[in-house]
Amino acid sequence: MKRNPLAFFCLLGAVAWLSSCSAVRQCKAPELNLPERMADVGPDTLSVADTKWWQFYGDTLLRRIIERTLSHNKDLLGAAANVERMRQLYRVSKAEQLPVFSAPVYAEYETNDYSGESPVRDPELGAKLTAEWELDLWGKLRWARRQGNAEYLVGCLNETGNKRRADNVTGLLGGPEFLDYLRAQKDPITKGFFMHVGIDDFGAINSSRGADYGNYILKSVAGCMKECLSDKQRIYHLVADQYVIVDLEASSAEDAVALKEKITDKLHNFIVTENYEAIFSISIGVIDAATFCEGTEECRKKFEFALKQAKSMGKNGFYIFDQDDYEVFLRKGRIIATLRNAIVNHYDGFEVYYQPIVDCQSEQIIGAEALMRFSMITEEGREFVSPMEFIPLLEETGLIIPAGRYILNEAAAMCCEMQKYIPDFRMNVNVSYVQILQGNVERDILDAIQKYSLQPECLCVEMTESGFMDMTPSFCKFRKTLDKNGIPFVIDDFGTGYSNLHCIRDMNPSYVKMDRDFTAKAMNSDRDYELYKNIIPMVHSINVRICAEGIEEKEWLLKMKEMKVDYLQGYYFGRPCGKEQFLQQYASGINVK
């Protein structure tokens, strides 16, 4: 066993005190009489002394008892030697001030036994010291001796060195010991599970009740979980509000589910007994223990993923690792990395497609919608990523702000180009709510209009109706800027969210675009058709125009003319295409069909 160079014992203020006791030490030492039970000692204390012992043996007695015991039972140190403050005086019975000393030590954790007997023969003391001890799951030490009574418990044991062992707050061993335990297994791990536990919204507890109460919750949660464990299960405190429970004997996922139910019930009872001082839950992610055989790093990634998935389900989430979910997660990571790299490298991989918007009655092209497209290089070649997949990732990461600015400028430039052929040509650009909240998209819009010398009414801003249900100050400021500068505002995908005329009235859009799925249902169902048909005059009644998306057949076009829809968009008039193809196909401005 390696011993750290810092593994030594010392007395705080020992020099002055030992000098004063030197005369006393010349006296005959009293008979050594160890106590029956020295104390139940917490993780921050490990020292014993009697007033008489102190006078004649002082630091020697303390050093020998602890040092020799630790040399036989390293687990004692792993659970007990983690104190940071050495200011408390621990007493068994009498209140009397005695010198408080520290014994800083460091040793590796080796054994998994939690009880034992340590024979110690000390030549200096001339006595055989046998310290019986046990370590409970709370990390507390119980020291016992067959004869004598303790009057005082003094001092503390402090760990020094580069590695922490038992946790100061919970008394649990940590991540390094978790890995040591797994590496110490003689046979490959083929069954069992790792349960990654996290306290939901723990930061709210710390911020509202303070760090001390937060520490109390951490310790209490650890205690509740430990009471639910079998002899073959172990628990470790990782970081902050996260724990891991290890079971290398379980044969099915049902064992993890059963344990989760026990822990949940135990925590509920704790919350009740605390009179609901703090109401919280835990989320749990579970992976197969055999994952450890795939390598430490791979195991860590899946371990973290499992808890993240559990928390994504909301509070009190429970998730058992699924490889298909993990592959989706990895793909998201690859796409995000590629998006970020593309933006840094002058938007390489981004492209703008355009789909025509036509007048319903004349079937003449009046404008287009700019649509963001993205492709990336893979092992199989260039892959076009669905907008339904990459746009949410742009919004999640905030990359939608620079990417949206790029699309806006490309669309404005295309509008300027098309106006050479169709003077009143308009370009519709989609704006994300993230751009409004986190960016300054109204400034970007005004800059693009100025840069390409466009009339404000020629650049229309589209937003899905679900994107502005919250009338935040940022959104209100955005809308006021558009109205002030005469920039049209369009509600996109009307019919998919909280569709109502009240929403249209408050937003005061130039027109609304009926969702393509809603249009398709109306064309194939009498009931949906009647609903669709009656919405149109209601929207017109408040001076708002309508664009029907998803027009794919001539029969649909004729029905839209009957319902007096204003604008149309869909595959019947043309699929989205790149700039060059769009210019070639639609620059003449004639009937698109």
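What counts, and where the lines are drawn
- Residues numbered from 1 in each chain as written.
- Predicted model: local features only at pLDDT ≥ 70, side-chain atom pairs only at ≥ 80, totals over all residues.
- Heavy atoms only, no water.
- Core = buried A, V, L, I, M, F, W, Y, C linked by side-chain atoms within 4.5 Å.
- Buried < 20%, exposed > 50% of the residue type's maximum accessible area, 1.4 Å probe, protein only.
- Helix = DSSP H or I, 4+ residues; strand = E, 2+ residues; numbered from the N terminus.
- Contact = heavy atoms within 4.5 Å.
- Phe/Tyr/Trp six-rings, centres within 6.5 Å; stacked < 30°, edge-to-face > 60°.
- pLDDT = per-residue confidence, 0-100.
- Axes fitted to C-alpha atoms, helices over the stretch in contact; angles between N-to-C directions.
- Parallel < 35°, antiparallel > 145°, perpendicular 65-115°, else oblique.
- Left-handed = near helix turned anticlockwise from the far one by under 90°.
- Nonpolar A, V, L, I, M, F, W, Y, C, P; charged D, E, K, R; others polar.
- Salt bridge = Lys/Arg side-chain N within 4 Å of Asp/Glu carboxyl O.
- Pairing = 2+ DSSP bridges.

Grouped together as the largest cluster of nonpolar side chains are 85 residues, with contacts concentrated most on F350, M427, I445, F478, M560, L568 and F582. Residue contributions to this core peak at ten residues, all from helix 12 (residues 400-418). Apart from the residues within four sequence positions on either side, M427 is in contact with Y354, A368, E369, A370, A411, M414, C415, C458, L459 and C460. With 31 residues, the next largest nonpolar core counts M195, Y213, L267 and V286 among its residues.

The next thing to look at is the packing of aromatic side chains. Applying the stated criterion across every chain, the model contains 26 aromatic pairs. Summarising the aromatic geometry, the rings of F305 and Y319 are spaced 5.9 Å apart at their centres and angled 85° between planes, so their arrangement reads as edge-to-face. Of the two residues, F305 sits in helix 9 (residues 296-312) while Y319 sits in strand 9 (residues 318-320), which places them 14 residues apart along the sequence. Exposure class is identical for F305 and Y319. Each is buried.

Taken residue by residue, the chain gives an average pLDDT of 76. The fraction at 70 or more is 69%. Here residues 1-162 is a poorly scored stretch, pLDDT under 50, and it has 330 contacts once near neighbours within four places are set aside; other chains count.

As a further point, take the packing of helix 14 (residues 441-451) against helix 15 (residues 473-484). In helix packing, the relevant descriptors are the interaxial angle and the interaxial distance, both defined with respect to the helix axes. Where helix 14 meets helix 15, the axes come as close as 9 Å, and the angle between the chain directions of the two elements is 20°. Between helix 14 and helix 15, the crossing angle belongs to the class labelled roughly parallel. In terms of crossing hand, the pair formed by helix 14 and helix 15 is right-handed. Residues V441, E442, I445 and L446 of helix 14 touch helix 15, and the partners they reach there are K477, F478, T481 and L482. In the contact of helix 14 with helix 15, the residues fall into five nonpolar, one polar and two charged.

Turning our eyes to something else, we now look at the packing of helix 7 (residues 211-227) against helix 8 (residues 253-273). Remark: helix 7 packs on helix 8, axes separated minimally by 9 Å, with the N-to-C direction vectors making an angle of 135°. Taken together, the axes of helix 7 and helix 8 lie oblique to each other. Crossing of helix 7 against helix 8: the hand is right-handed. Within the contact between the two elements, helix 7 uses Y216, I217, S220, V221, C224, M225 and E227 and helix 8 uses I263, K266, L267 and F270. The residue makeup of the contact of helix 7 with helix 8, split by class, is eight nonpolar, one polar and two charged.

Moving on, we come to the environment of L259. By the element assignment, L259 lies in helix 8. On a C-alpha basis, the gap between L259 and S230 in space is 9.6 Å, while along the polypeptide they are 29 residues apart. Once residues within four sequence positions are removed from consideration, L259 is found in contact with F193, M195, C228, L229, Q233 and I245.

If you walk through the whole model with that rule in mind, you get 23 salt bridges. One salt bridge in this structure joins E555 and K559, with 3.9 Å as the shortest N-O distance. In this pair, E555 and K559 both sit in helix 19 (residues 554-562), four residues apart, roughly one turn of the helix. Look at E555 and you get partly exposed, because its relative accessible area is 48%. Given the relative accessible area of 22%, K559 is considered partly exposed.

Among the 14 residues in strand 11 (residues 365-378), ten count as buried, and that is most of the element. Judged from the nine bridges that link them, strand 10 (residues 350-359) and strand 11 form a sheet pairing that is antiparallel. Residue pairing across strands places Y353 opposite L371, the latter belonging to strand 11. Counting the residues between successive antiparallel strands, the hairpin from strand 10 to strand 11 contains five residues, one of them, E363, with a positive phi of roughly 60°. Pairing between strand 11 and strand 12 (residues 381-385): five bridges, direction antiparallel. Considered in strand 12, the bridge of M376 is made with E383.

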